[in-house]
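Residue-level listing of the chains:
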Amino acid sequence: MEKWALITGSSSGIGKAISYELAKKNYSIILHGRNTEILHSIAADIEDCYKVQTKVINVDLSEDNAIETILTLTEYQNIEVLVNNAGFGVAGAYNATDIEAELKMVKVHVTAPMYLIKSFANKMKNNGKGHILNVSSLYSYFSVPKQAIYGASKAFQHSFSKALNEELKTQGIHVSSLCPGLTYSKFRTRQGKKEKKYLIGMTSEEVAKIAVKGLFKKKVSIVPGIFNKFMAFTIPKLPDRLALVIIHKMNKGRGF
Ligand SMILES: NC(=O)c1ccc[n+]([C@@H]2O[C@H](COP(=O)([O-])OP(=O)(O)OC[C@H]3O[C@@H](n4cnc5c(N)ncnc54)[C@H](OP(=O)(O)O)[C@@H]3O)[C@@H](O)[C@H]2O)c1
């Protein structure tokens, strides 16, 4: 039977790069996003390069019927890998940010993965195998002034992933949390920021390679890059007051 991977938010950045990595491993790919034209051009390229099947789903995950649509459109695919990657940032002081944008972000980062996992984990359980990758963030390791809700939603994904892995691993289902730091993609330009080059930055392709390798090694937490590993190890060990000052300063330095 054809094995499929569903990657949410695969029209650009990390999700797109993960789709190519999974296609290389002979998975047929379900691409998802909101830009049909881009999704179809990626699908055609993947089919051409890797001779796998593709399918495109255009759904806004912050809309009410989103999950129902995805489940209907994937009814006949044997999905062995689910990647909850779609996401975006809302930055700024909490008393100045747009609550509607933040609520949409919570739907995309928290509610949608909850529903998708509830459904696909049960299907995977019936098949006795499956992999789920939740794209969280380095920010899941500490609180993030000026991106308070973004950071909290990523901490939710990370905590949820680890607990879920423990529950599901005996059923052959492995859940990994990917925690990238600064990665070049459309993430910052969507927020109206210029994409500057940083010494600590990684490309989406570098992150995706590490993510897919970690996923199949059944790693629970995947932190790509030396700098990000250092931050994930060190910052949580600092006194809260100091950690918050450092992260606040870093965010200010990046124009948030
Ligand atoms: N870049 C970083 O520095 C960084 C660091 C840590 C974690 N992350 C996480 O990595 C994930 C991927 O982000 P990226 O950096 O690759 O950014 P990106 O290039 O902007 O990609 C985001 C993807 O999510 C999709 N998406 C956003 N909102 C959506 C919605 N409402 N409904 C459906 N799809 C939606 C976009 O699809 P359309 O454009 O087609 O709608 C796009 O495919 C996110 O979860 C982000 O939080 C990024």
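Let me begin by describing the structure that accompanies this report. (Residues numbered from 1 in each chain as written. Predicted model: local features only at pLDDT ≥ 70, side-chain atom pairs only at ≥ 80, totals over all residues.)

### Quick look at the overall build of the protein chain
What counts, and what does not: Comment: elements are numbered from the N terminus, with helices defined as DSSP H or I runs of at least four residues and strands as E runs of at least two. The globule rule used for comparison is 2.2 Å times the number of residues to the exponent 0.38, while the radius of gyration itself is calculated over C-alpha atoms. Two residues qualify as a contact pair if the distance between their C-beta atoms, derived from the backbone, is within 7 Å.
When helices and strands are counted, the protein chain shows eight helices and nine strands. Taken against the 2.2 N^0.38 rule, which gives 18 Å for 256 residues, the C-alpha radius of gyration of the protein chain at 18 Å falls within 12% of a compact globule. Restricting the contact set of the protein chain to residue pairs at least 6 apart, pairs at least 24 apart contribute 68%.

### What about unusual backbone geometry?
Which entries qualify depends on this criterion: To assign burial, the other C-beta atoms lying within 10 Å of each residue's own C-beta are counted, with C-beta atoms placed from the backbone; 20 or more indicates buried, 12 or fewer indicates exposed, and intermediate counts indicate partly exposed.
One non-glycine residue, N26, lies in the positive phi region at around 75 degrees. Inspection of the secondary structure assignment puts N26 in the loop between α1 (13-24) and β2 (28-33). Residue classification places N26 among the exposed positions, given that 11 C-beta atoms sit within 10 Å. Residue K218 is not a glycine yet carries a positive backbone phi of 60 degrees. By the element assignment, K218 lies in the loop between α6 (204-216) and β9 (221-222).

### Here's the deal with the site of the ligand
Rules: Working rule for contacts: place C-beta from the backbone, and if it is within 6 Å of a molecule or strand, that residue counts as near it. Basically, the charged four are Asp, Glu, Lys and Arg, the nonpolar ten are Ala, Val, Leu, Ile, Met, Phe, Trp, Tyr, Cys and Pro, and anything else, Gly included, counts as polar.
Taken together, 28 residues sit near the ligand, with G9, G13, G33, R34 and G87 positioned nearest. The greatest single-element share of the shell around the ligand, amounting to three residues, is contributed by α1. A breakdown of the residues in the shell around the ligand according to their chemical character gives nine nonpolar, 15 polar and four charged.

### Re helix α5 (residues 148-168)
For clarity, the threshold we go by: Any helix carries an expected span of 1.5 Å times its number of residues minus one.
Counted at 1.5 Å a residue, the expected span for α5 with its 21 residues is 30 Å, and the 30 Å between its end C-alpha atoms agrees. Of the positions making up α5, those classed as buried are I149, Y150, G151, S153, K154, Q157, H158, S161 and N165. As for α5, its buried residues are in contact with α4 (99-127), β5 (130-135) and β6 (173-178).

### As for the pairing of β5
Going by this rule: Any two strands are treated as partners once DSSP identifies two or more bridges connecting them. For a crossover, the right-handed case is the one in which the path from the first strand over the helix to the second runs clockwise, viewed with the strands pointing away from the viewer.
Where burial is concerned, most of β5 is hidden: six out of the six residues are buried. Of the two faces of β5, the one carrying G130, I132 and N134 and the one carrying H131, L133 and V135 are both buried. In terms of strand pairing, strand β4 (residues 79-84) meets β5 through four bridges, oriented parallel. Across the sheet, L82 pairs through a bridge with I132, a residue of β5. Since β4 and β5 lie parallel, the crossover through α4 that links them has a hand, and here it is right-handed. Pairing between β5 and β6: six bridges, direction parallel.

### Focus on the sheet that holds β6
For sheets, the rule is that strands pair by backbone hydrogen bonds, running either parallel or antiparallel. Keep this limit in mind: The axes are straight lines fitted to the C-alpha atoms, using for helices just the contacting stretch, and the angles between their N-to-C directions are given from 0 to 180°.
Spatial ordering of the open sheet is given by β3-β2-β1-β4-β5-β6-β9, a layout of seven strands whose pairing is parallel. Of all the strands in the sheet, the pair left with one neighbour each is β3 (54-58) and β9. Inspection of the sheet shows β2 paired to β3 by five bridges, in the parallel sense. Within β3, the residue paired with H32 across the bridge is I57. The strands touched by helix α2 (residues 36-50) are β2 and β3; relative to β3, the strand with the most contacts, the crossing angle is about 170 degrees. Its contacts with the sheet place α5 against β5 and β6, and it is angled at close to 160 degrees to β6.

### Brief notes about the nonpolar core
Under the convention used in this document: Nonpolar core, as used here: buried Ala, Val, Leu, Ile, Met, Phe, Trp, Tyr and Cys residues forming one set through C-beta atoms within 7 Å.
Ranked by size, the top nonpolar core spans 58 residues in total, and within it A5, I18, I29, L82, V83 and A211 carry the most contacts. Top contributing element to this core by residue count: α4, with seven residues.

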